[in-house]
Number of protein chains: 2
Amino acid sequence: MEVDEEAAMRDISTLTDSVSWNEKGLVPAIAQDWQTGEVLMLAWMNAQALACTIEEQRAVYWSRSRGKLWRKGEESGNVQHLKDLRIDCDADTILMKVEQVGGIACHTGRANCFFTQLDETGWQVCADVKRDPDEMYGKNHE
Amino acid sequence: MEVDEEAAMRDISTLTDSVSWNEKGLVPAIAQDWQTGEVLMLAWMNAQALACTIEEQRAVYWSRSRGKLWRKGEESGNVQHLKDLRIDCDADTILMKVEQVGGIACHTGRANCFFTQLDETGWQVCADVKRDPDEMYGKNHE
């Protein structure tokens, strides 16, 4: 490793040390559209995912179901370019403003994951699928 | 309990049964300003907190530190009136649009909890305190 790279890794480690990781080494990370303010999704990060997010300037999560790093958009192309990164007052939640490539954050092919809304009759789907998930992923959904 | 109340409780129980509570019976709940789209905070709900949120049309969280229901604003007056309630595609995150009374969501007296921003030099506080926490709570902070 070059001296500059070592220094960069040390710096990022200092940044991730500021986060209050939970007992599993994770915190929730919210992705918000940097222009509209729309909340796109919530996923989870560990220290490595946060370090990669900062280094690569794109959202990298920790997939709890797959037990590995998840570079958002690696299969679908729906990359989230980082525009702003914050932690909350307790340092146990991350908020990112992102540019959502393709305008689709959800694995269902919808613009965001919050398409199930409560009305007088119960939970209702309130957003259309913009792109067929089979087209985005083949048979391997995120 | 009256027949109408029983029916209402049964209905709300059906709604909370749709949520994928984690092993501790909790899910993260995001509060977003209903007009500006600003993400105000993230806290946690259990089924009872969600039921109260729906019944009372205000944000009610589960305080993990205090181990009890937390009616947001009960001490500070900074109540969050519910305008819209959603769950995500996996039913394991709640998103609320709220009207934030007093324009202050954070226990530090700032408008929202995400006032620590990453820049080239590290984490930096990027928002001012709007109201002294001691004035909001006396000595008992939320």
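Residues numbered from 1 in each chain as written. Chains lettered and ligands numbered in written order. Predicted model: local features only at pLDDT ≥ 70, side-chain atom pairs only at ≥ 80, totals over all residues. Heavy atoms only, no water.

Undergrad: Could you give me a rundown of the UniProt feature "binding site: Mg(2+)" (unreviewed entry) in chain A, with the residues and numbers involved?
TA: In the UniProt entry, the feature "binding site: Mg(2+)" (unreviewed entry) is given for Asp88, Asp90 and Asp92 of chain A. For aspartate 88 of chain A, the position within the fold is in the loop between strand E5 (80–87) and strand E6 (94–100). Residue placement: aspartate 90 of chain A occurs in the loop between E5 and E6. Leave out the neighbours within four places in its chain, and aspartate 90 of chain A touches Ser20 of chain A together with His107 of chain B. (UniProt positions renumbered as here; feature names shortened; annotations may be inferred. Helix = DSSP H or I, 4+ residues; strand = E, 2+ residues; numbered from the N terminus. Contact = heavy atoms within 4.5 Å.)

Undergrad: Help me get a handle on the relation of the copies chain A and chain B, residues and values and all.
TA: For the pair of chain copies, the relating operation is a rotation around an axis with a shift along it. Rotating chain A by 180 degrees and moving it 0.0 Å along the rotation axis overlays it on chain B with an RMSD of 0.0 Å. Such a combination of turn and shift is consistent with a two-fold rotation axis. Taking C-alpha positions as reference, the residue of chain A nearest the rotation axis is glycine 37 of chain A, located at 2.6 Å. (Least-squares fit on C-alpha atoms with pLDDT ≥ 70 in both.)

Undergrad: Which residues make up helix H1 (residues 3–17) of chain B, and what are the values?
TA: The first and last C-alpha atoms of H1 of chain B sit 21 Å apart over 15 residues, in line with the 21 Å expected at 1.5 Å per residue. All of the buried residues along H1 of chain B are Ile12, Leu15 and Thr16 of chain B. What you see down the axis of H1 of chain B is that its buried residues fit within an arc of 90 degrees, all on one side. In H1 of chain B, the exposed positions angled more than 90 degrees off the buried face are occupied by Val3, Arg10 and Asp17 of chain B. The elements touched by buried residues of H1 of chain B are strand E7 (116–119) and strand E8 (122–125) of chain A together with helix H2 (47–56) of chain B. (Expected span 1.5 Å × (residues − 1). Buried < 20%, exposed > 50% of the residue type's maximum accessible area, 1.4 Å probe, protein only. Arc of directions from axis to C-beta.)

Undergrad: Kindly report on the sheet that holds strand E1 (residues 27–33) of chain A, identifying the contributing residues and their values.
TA: Spatially, six strands are ordered E2(A)-E1(A)-E6(A)-E5(A)-E7(B)-E8(B) in an open sheet, and the strand pairing comes out mixed. The open sheet has two free edges, formed respectively by strand E2 (39–45) of chain A together with strand E8 (122–125) of chain B, since each of these has just one partner strand. Averaged over all neighbouring strand pairs, the angle between strand axes comes to 35 degrees, with direction disregarded. Relative to E8 of chain B, strand E7 (residues 116–119) of chain B runs antiparallel, the two being bridged by four bridges. (Pairing = 2+ DSSP bridges. Axes fitted to C-alpha atoms, helices over the stretch in contact; angles between N-to-C directions.)

Undergrad: So what's going on with the interface of chain A and chain B? Residues and values would help.
TA: Opposite the 37 residues of chain A that make contact, chain B presents 37 residues. Counting the surface lost from both chain A and chain B, the interface buries some 3100 Å², and carbon and sulfur atoms represent 67% of this. On the chain A side of the contact with chain B, Cys89, Phe114 and Trp123 of chain A bury the most area, a combined 22% of that side's loss. Lysine 24 of chain A is the partner of glutamate 23 of chain B in a salt bridge, and the nearest nitrogen-oxygen pair spans 3.0 Å. For the pair chain A and chain B, the number of links is 18 residue pairs in polar contact (both at pLDDT 80 or more). Elements with a minimum of two residues in the side of chain A that touches chain B: E1, E2, E5, E6, E7 and E8 of chain A. Residue contributions to the side of chain A that touches chain B peak at four residues, all from E5 of chain A. Pairing between E7 of chain A and strand E5 (residues 80–87) of chain B: two bridges, direction antiparallel. (Buried area = accessible area lost by both parts, 1.4 Å probe. Salt bridge = Lys/Arg side-chain N within 4 Å of Asp/Glu carboxyl O. Polar contact = N/O pair within 3.5 Å; in protein donor to acceptor, adjacent residues only side chain to side chain.)

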